[in-house]
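Each chain is listed here by its residues.
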Amino acid sequence: DKGLAVFTSGGDSQGMNAAVRACVRMAIYLGCKAYFIREGYQGMVDGGDNIQEANWASVSSIIHRGGTIIGSARCADFRERAGRLKAANNLVQKGITNLVVIGGDGSLTGANLFRQEWSSLLDELVKNGTITAAQQEKNSVLHIVGLVGSIDNDFCGTDMTIGTDSALHRIIEAIDAISSTAYSHQRTFIMEVMGRHCGYLPVVAGIISEADYVFLPEYPPPHDWPAKLVLKLEQERSAGQRLNIVIVAEGAMDREGNPITAEDVKKVIDERLKHDARITVLGHVQRGGNPSAFDRILACRMGAEATLALMEATKDSVPVVISLDGNQAVRVPLMECVERTQAVALAMKERRWADAVKLRGRS
Ligand code: ATP
């Protein structure tokens, strides 16, 4: 008779639906009551129809759909104790003491805080007469498990986050499409791709599209990058190459921390090479479309493992995220990963790029 709820929070990514489906179906298979919480923490705070019981059929035909069918949001209310108090009451009223949060490091931090506060929130709800002592007793421990949905692959502790592989497919499809037209007209294409603090998407896209130059957040180029870029593009053209691809991460910067934009790169190419250079900003296309086969199976495995982890949790268990380690879905302490991810973000902000790369580790 355990109640388990799943919700998606922060930015969406392809594969979240597959994760929701796996959590719900594994929960039902194990005899739990499964719930959706719509619109992330906002739905938890607002309650009502936002918290709905799910059945086997309610997650049919969603595995292939991008985005998240249960909605995602950013929620200022949940950052305040008053909001979390409302959320706690809404969960207790439905007997939900197990949560799967699918989101980024912010969403997981919020969930961890909620778990730490849970007993004091319940004390307050009893004191003000919102719930009974019996309800408090029955719902005394909140268990949480995190799944990381992010197209940037910017979370420490997992080899791949849910959505990254699909985003790479989108980027590569776009570069392939552009390459044929660029080849016909001897053009240089400058592609802006996502990656604010993490260069995984641009670096992998650069390798697999045979790009000539890649600008990444973690490896800022020296101040004379325009000359180096020009030299490289000239060499490629004189070796007979008819098209050039330059990839610029949205978070690319120089060593002083000034942004390097696709416009900056175009200006250099226009002024010094007089190539026919065009910019393509992929933007939200990278988040869109159907999840890849890899993301679907990754999310299925992670979702099922998340539910199993919740069912096995005891009151002394440490909250975990489900991570991919090699080819295994493993449980890793949630706050360890969140803290490391936040340390990477800080190192990037402070322009300690080598530290950031070292801290991030394998992924
Ligand atoms: P993305 O990687 O897409 O940015 P994220 O999960 O990191 O995803 P955030 O906007 O940081 O996105 O967080 C999503 C929501 O989680 C916030 O709107 C807020 O409701 C909740 N949240 C984040 N941090 C905290 C916190 N420290 N305390 C309480 N709630 C938080």
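For the structure, see preceding data.
Remember, predicted model here, so these are calculated numbers, not experimental data.

Visitor: Would you mind going over the overall build of the protein with me for this structure?
Guide: Looking only at helices and strands, one finds 12 helices and 11 strands in the protein. For 363 residues, the compact-globule estimate of 2.2 N^0.38 gives 21 Å, and the protein sits close to it at 23 Å. Its C-alpha atoms give the protein principal-axis dimensions of roughly 80 × 40 × 35 Å. Expressed as a percentage of the 363 residues in the protein, the buried residues total 54%. Long-range contacts, defined as pairs at least 24 residues apart, comprise 75% of the intrachain contacts of the protein with a sequence gap of at least 6. Counting every atom, the protein has about 15,800 Å² of accessible surface; 51% of that belongs to carbon and sulfur. Here the protein contributes 40 positively and 43 negatively charged side chains, and the mean placements of these two sets differ by 2 Å.

Visitor: What exactly am I supposed to notice about the site of the ligand here?
Guide: Near the ligand there are 15 residues, and of these Gly11, Arg74, Cys75, Gly106 and Ser107 occur at the shortest range. Between the ligand and arginine 74 there is a distance of 2.6 Å, counted from an oxygen atom to a side-chain nitrogen or oxygen. Between the ligand and the protein, one listed contact pairs a nitrogen atom with a side-chain N or O atom of arginine 79 at 3.4 Å. Across the shell around the ligand, the residue classes tally to 4 nonpolar, 8 polar and 3 charged.

Visitor: It is not clear to me how the pattern of salt bridges should be interpreted in this structure. Could you clarify?
Guide: Side chains bearing opposite charge may pair, as long as their charged atoms lie close to each other. Within the structure shown, the criterion is met by 14 salt bridges. The salt bridge involving lysine 228 is made with aspartate 224; its shortest N-O contact spans 3.2 Å. Here lysine 228 falls in the partly exposed class, since its relative accessible area comes to 40%. Residues glutamate 312 and arginine 331 are paired through a salt bridge, measuring 2.9 Å at the closest nitrogen-oxygen approach. Of the two residues, glutamate 312 sits in helix α10 (residues 293-312) while arginine 331 sits in strand β11 (residues 328-333), which places them 19 residues apart along the sequence.

Visitor: Would you take a moment to explain the packing of aromatic side chains for this structure?
Guide: One pair of aromatic rings is described through two measures. These are the centre distance and the angle between the planes. Using the criterion set out here, one finds 6 aromatic pairs in the structure. Summarising the aromatic geometry, the rings of tyrosine 41 and phenylalanine 78 are spaced 3.9 Å apart at their centres and angled 15° between planes, so their arrangement reads as stacked. You can see tyrosine 41 sitting in helix α2 (residues 40-46) and its partner phenylalanine 78 sitting in the loop between β3 (51-54) and α3 (81-94), a full 37 residues away along the chain. When its relative accessible area of 6% is taken as the criterion, tyrosine 41 is described as buried. Take phenylalanine 78: its relative accessible area is 4%, and that puts it in the buried class. Each member of the aromatic cluster is reached from another via a ring pair, and the members are Phe7, Tyr41, Phe78, Phe114 and Trp118.

Visitor: What is the right way to look at the side chain of threonine 161 in this model?
Guide: Looking at where threonine 161 falls in the secondary structure, it is placed in the loop between β5 (143-148) and α6 (164-185). At 2.6 Å, the side chain of threonine 161 forms a polar contact with the backbone oxygen of serine 150.

Visitor: What am I meant to see in the sheet that holds strand β1 (residues 3-8) here?
Guide: In sheet architecture, strand pairing relies on hydrogen bonds along the backbone and comes in two forms, parallel and antiparallel. What the 7 strands build is an open sheet, ordered β3-β2-β1-β4-β5-β10-β11; its pairing is mixed. With one partner strand each, in any of the chains shown, β3 and β11 form the two edges of the open sheet. Strand-to-strand twist across the sheet, computed as the mean angle between neighbouring axes with direction ignored, equals 30°. Its contacts with the sheet put helix α11 (residues 334-349) on β5, β10 (320-325) and β11, and the angle it makes with β11 is roughly 85°.

Visitor: Honestly, the packing of helix α8 (residues 225-238) against helix α9 (residues 262-273) in this entry has me stumped. Any pointers?
Guide: Helix-helix packing is characterised by the crossing angle of the two axes and by the distance between the axes. Here α8 crosses α9 at 60°, and the two axes come no closer than 10 Å. Along this stretch, α8 crosses α9, giving a crossing that reads as right-handed. For the pair α8 and α9, the contacting residues are Trp225, Pro226, Ala227, Leu229, Val230, Leu233 and Glu234 in the first and Asp264, Val265, Val268, Ile269, Arg272 and Leu273 in the second. Residues that form the contact of α8 with α9 fall into these classes: 10 nonpolar, no polar and 3 charged.

Visitor: Just to check I follow, could you spell out the sheet that holds strand β7 (residues 213-215) for this structure?
Guide: Read from one edge of the open sheet, 4 strands run β7-β8-β6-β9, paired in parallel fashion. What marks the edges here is a single partner per strand, and that holds for β7 and β9 (276-281). Here the strands of the sheet are splayed against their neighbours by 15° on average, with no regard to which way each runs. Relative to strand β8 (residues 244-249), β7 is paired through 3 bridges, and the arrangement is parallel. Looking across to β8, one finds that phenylalanine 215 is bridged to valine 248. Each of β6 (187-193), β7 and β8 is contacted by helix α7 (residues 200-208), which is oriented at about 170° to β8, the strand it contacts most.

Visitor: Teacher, can you tell me more about the environment of proline 259 here?
Guide: Structurally, the position occupied by proline 259 is in the loop between β8 and α9. In this structure proline 259 comes out as exposed when scored by relative accessible area, which is 58%. C-alpha of proline 259 to C-alpha of proline 217: the two residues are 42 residues apart in sequence and 9.1 Å apart in space. Discounting residues that sit within four places of it in the chain, proline 259 has contacts with Ala252, Met253 and Asp264.

Cut-off values and rules
- Per chain, residue numbering runs from 1 following the sequence as it is written.
- Only residues with pLDDT of at least 70 get local features here, since the model is predicted, and only at 80 or more are side-chain atom pairs given and counted; chain-wide, interface and lining totals rely on the full set of residues.
- Hydrogens and water molecules were not included; the side-chain quantities draw on all heavy atoms of the structure.
- The secondary structure listing takes helices from DSSP runs of H or I that are at least 4 residues long and strands from runs of E that are at least 2 residues long, numbered from the N terminus.
- Our radius of gyration is a C-alpha quantity, and the globule rule it is checked against amounts to 2.2 Å times the number of residues to the power 0.38.
- For each residue, the accessible area found with a 1.4 Å probe, counting protein chains only, is set against the maximum for its type, and the residue is called buried under 20%, exposed over 50%, and partly exposed in between.
- We call two residues in contact when some of their heavy atoms are within 4.5 Å.
- Accessible areas in this description were obtained via Shrake-Rupley with a 1.4 Å probe; residue shielding takes into account the shown protein chains only.
- Think of it this way: Lys and Arg go in the positive column, Asp and Glu in the negative one, and His and the chain ends go nowhere.
- For charged residues, the charge sits on one atom: NZ in Lys, CZ in Arg, CG in Asp, CD in Glu.
- The rule for a residue being near a molecule or strand is that one of its heavy atoms must lie within 4 Å of it.
- Contacts described as polar in this section are N or O atom pairs within 3.5 Å, which, within protein, must combine one atom able to donate a hydrogen with one able to accept it, while residues neighboring in sequence count only if both atoms come from side chains.
- Residues are sorted three ways: Asp, Glu, Lys and Arg are charged, Ala, Val, Leu, Ile, Met, Phe, Trp, Tyr, Cys and Pro are nonpolar, and all the rest, Gly among them, are polar.
- Think of a salt bridge as a Lys or Arg side-chain nitrogen and an Asp or Glu carboxyl oxygen that are within 4 Å of each other.
- The rule is short: rings of Phe, Tyr and Trp, with Trp giving its six-membered ring, pair when the centres are within 6.5 Å, and they are stacked under 30 degrees, edge-to-face over 60, tilted in between.
- At least two bridges found by DSSP between two strands is the condition for calling them paired.
- Angles shown run from 0 to 180 degrees and are taken between the N-to-C directions of axes, each axis being a line fitted to C-alpha atoms and, for helices, limited to the stretch in contact.
- Should the near helix be turned counterclockwise from the far one by less than a right angle, the crossing is left-handed, whereas a clockwise turn marks it as right-handed.

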